[in-house]
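Each chain is listed here by its residues.
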Amino acid sequence: MPFTRITLRQGYSDAQIAQISDILQQSLEDEFVVPPHDRFQVFETLPANQRVFDSRYYSAGRSENFIQFHIFAGKPRSSAQKRNLCRTLCERLNTKMNISPDDVMVMIQFNTADDWSFSNGQMLSELD
């Protein structure tokens, strides 16, 4: 049940955003064992003056194509799973869209079933 906020520059086409969405979803399915129908993503495109980042902080160099993925996940994953997700996502974005791995930042945050309500005011923990 991950929810991901993807922040990127303005100018991506609808087709490119759909492709990023599909790459992210497939990476989550493969590395976090997320079901195919469990897709919750928000894309946030911002002008350059609203995206402030250091081009070299822990990177060989970021460009204006810098993308941030902030993943909220309800089930903890191992260090290996997190590492594999980040590497798989970077590899696929690079191979399929020519997005440099230096332009991909991933933040993963975990919470519990008590922190999710998918509808009707019911907490996920009440459904188990």
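Under an unreviewed UniProt entry, the protein has the name Tautomerase family protein and belongs to Kluyvera ascorbata.

A. Spatial organisation of helix H1 (residues 14-32). An ideal rise of 1.5 Å per residue puts 27 Å on 19 residues; H1 measures up with 26 Å between its terminal C-alpha atoms. Residues of H1 that are buried: Ile17, Ile20, Ser21, Ile23, Leu24, Gln25, Ser27, Leu28, Glu29, Glu31 and Phe32. At its buried positions, H1 is contacted by strand S1 (3-9), strand S2 (41-46), strand S3 (67-73), helix H2 (79-97) and strand S4 (104-110). Looking one or two residues beyond H1, the residue adopting positive phi is valine 33, at roughly 55°.

B. Main features of the pattern of salt bridges. All told, the structure shown has four salt bridges when counted by the stated rule. One salt bridge connects aspartate 22 with arginine 39, and the closest N-O pair in it is separated by 2.8 Å. Here aspartate 22, found in helix H1, pairs with arginine 39, found in the loop between H1 and S2; they are 17 residues apart in sequence, far enough to count as distant. On the basis of relative accessible area, aspartate 22 is assigned to the partly exposed category, the value being 42%. Between glutamate 64 and arginine 51 there is a salt bridge; the shortest N-O distance is 3.9 Å.

What counts and what doesn't
Residues numbered from 1 in each chain as written. Predicted model: local features only at pLDDT ≥ 70, side-chain atom pairs only at ≥ 80, totals over all residues. Heavy atoms only, no water. Helix = DSSP H or I, 4+ residues; strand = E, 2+ residues; numbered from the N terminus. Expected span 1.5 Å × (residues − 1). Buried < 20%, exposed > 50% of the residue type's maximum accessible area, 1.4 Å probe, protein only. Contact = heavy atoms within 4.5 Å. Salt bridge = Lys/Arg side-chain N within 4 Å of Asp/Glu carboxyl O.

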